[in-house]
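Chain by chain, the residues:
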Amino acid sequence: MIKFFLMVNKQGQTRLSRYYEHVEINKRTVLEAEVIRNCLSRSKDECSFVEYKDFKLVYRQYAALFVVVGIDQTENEMAVYELIHNFVEVLDKYFSRVIMFNLDRVHIILDEMVLNGCIVETNRNRILAPLFVLDKVAEG
């Protein structure tokens, strides 16, 4: 099961966070700082799977953006690694350039892909269908 999903820039600033288990706000800040420090300090030659406390971290770097996913011991690391890549490809397909001004749309995309910590959809067209409907309504 996925515990959390983070998008972080190279400076270590969280751009998006979604938690699938309850974590108090003050603990989230500490958790994010430790997770970010742990992932950003690793070289590109090191594995993208990291054991961290009672869960695993799976991360990928895309230019200046890191996507970090915290999972429990039962989740398949490679499946989550591919989920991250699929998520970024869906973002690329939907957005032409800047996504940080459209975080509501990014949350919709993530919610279409992951529900209660479980991967529910990977098909790009089905993920983007609700957004295209919202765009048509906004235009008309």
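That block above? That's the structure.
Structural notes, computed from the coordinates.

Cut-offs applied
For every chain, the first residue of its written sequence is number 1, and the numbers climb from 1 along that sequence. Under the rules for a predicted model, residues below a pLDDT of 70 receive no local features and side-chain atom pairs below 80 are neither given nor counted, while totals for whole chains, interfaces and linings still include all residues. With hydrogens and water stripped out, all remaining heavy atoms of the structure feed into the side-chain values. Working definition: helices are DSSP H or I runs of at least four residues, strands are E runs of at least two. Numbering for both runs from the N terminus. The length a helix should cover is 1.5 Å for every residue beyond the first. With a 1.4 Å probe rolled over the protein chains alone, any residue whose accessible area is under 20% of its type maximum counts as buried; one over 50% counts as exposed, and the rest are partly exposed. Working definition: the arc comes from the directions between the helix axis and the C-beta atoms, pointing outward to the latter. Residue contacts are defined here by distance: any two heavy atoms, one from each residue, within 4.5 Å place the two residues in contact. Definitions used throughout: a 1 Å grid over protein atoms alone; a cavity as a set of points that fits a 1.4 Å probe which cannot get out; a pocket as an open set with protein on both sides within 12 Å along at least five of seven lines; a lining residue as one with an atom within 4 Å of a point. Grid points are joined across faces, edges and corners, and a volume is the space filled by probe spheres set on the points. We call Asp, Glu, Lys and Arg charged. Ala, Val, Leu, Ile, Met, Phe, Trp, Tyr, Cys and Pro are nonpolar, and the rest, Gly among them, are polar. Strands are labelled as partners when DSSP assigns at least two bridges between them. Every case where a carboxyl oxygen of Asp or Glu lies within 4 Å of a side-chain nitrogen of Lys or Arg is listed as a salt bridge.

**A closer look at helix α1 (residues 25-40)**
At step 1: Here α1 contains 16 residues, and its C-alpha end-to-end distance of 22 Å stays within 8% of the 22 Å for a straight helix at 1.5 Å per residue.
At step 2: Among all positions in α1, only Leu 31, Glu 32, Val 35, Ile 36 and Cys 39 are buried. Seen from one end, α1 has its buried residues packed into an arc of 125°, which puts them on one side. Opposite the packed face of α1, turned more than 90 degrees from it, sit the exposed residues Asn 26, Lys 27, Thr 29 and Arg 37.
At step 3: Its buried side turned inward, α1 meets β1 (2-9), β2 (14-19), β3 (49-52), β4 (55-62) and β5 (65-71).

**A look at the layout of surface pockets**
At step 1: As a volume, the largest pocket reaches approximately 220 Å³.
At step 2: Around the largest pocket, the lining residues are Lys 3, Phe 4, Tyr 19, Glu 21, Val 23, Lys 27, Val 30, Leu 31, Glu 34, Lys 53, Asp 54 and Phe 55.
At step 3: Contributions of two or more residues to the lining of the largest pocket are made by β1 and α1.
At step 4: No other element matches α1, which puts four residues into the lining of the largest pocket.
At step 5: Of the residues belonging to the lining of the largest pocket, the class tally is six nonpolar, no polar and six charged.

**Details of the side chain of Ser 48**
At step 1: Position of Ser 48 among the secondary structure elements: in the loop between α1 and β3.
At step 2: Taking the relative accessible area as the measure of exposure, Ser 48 reaches 17% and is therefore buried.
At step 3: Apart from residues lying up to four places away in sequence, Ser 48 is in contact with Leu 57, Val 58, Tyr 59 and Tyr 81.

**Remarks on the pairing of β3**
Each regular strand carries side chains that alternate between the two faces of the sheet.
At step 1: Here β3 shows one buried face, formed by Val 50 and Tyr 52, and one open face, formed by Phe 49 and Glu 51.
At step 2: Here β3 hands over to β4 after two residues, with Lys 53 in that stretch at a positive phi of 50°.

**Focus on the pattern of salt bridges**
At step 1: One pass over the structure, following the stated rule, counts nine salt bridges.
At step 2: Glu 89 is the salt-bridge partner of Arg 124, the closest N and O atoms lying 2.1 Å from each other. With Arg 124 in helix α4 (residues 124-139) and Glu 89 in helix α2 (residues 77-94), this pair connects stretches of sequence that are 35 residues apart.
At step 3: With relative accessibility at 27%, the residue Glu 89 sits in the partly exposed group.
At step 4: Put simply, Arg 105 and Asp 104 hold a salt bridge, and the shortest N to O gap is 3.9 Å.
At step 5: Overall, Arg 105 belongs to the buried group, its relative accessible area being 17%.
At step 6: One network of salt bridges, with partners in common, ties together Asp 104, Arg 105 and Asp 135.

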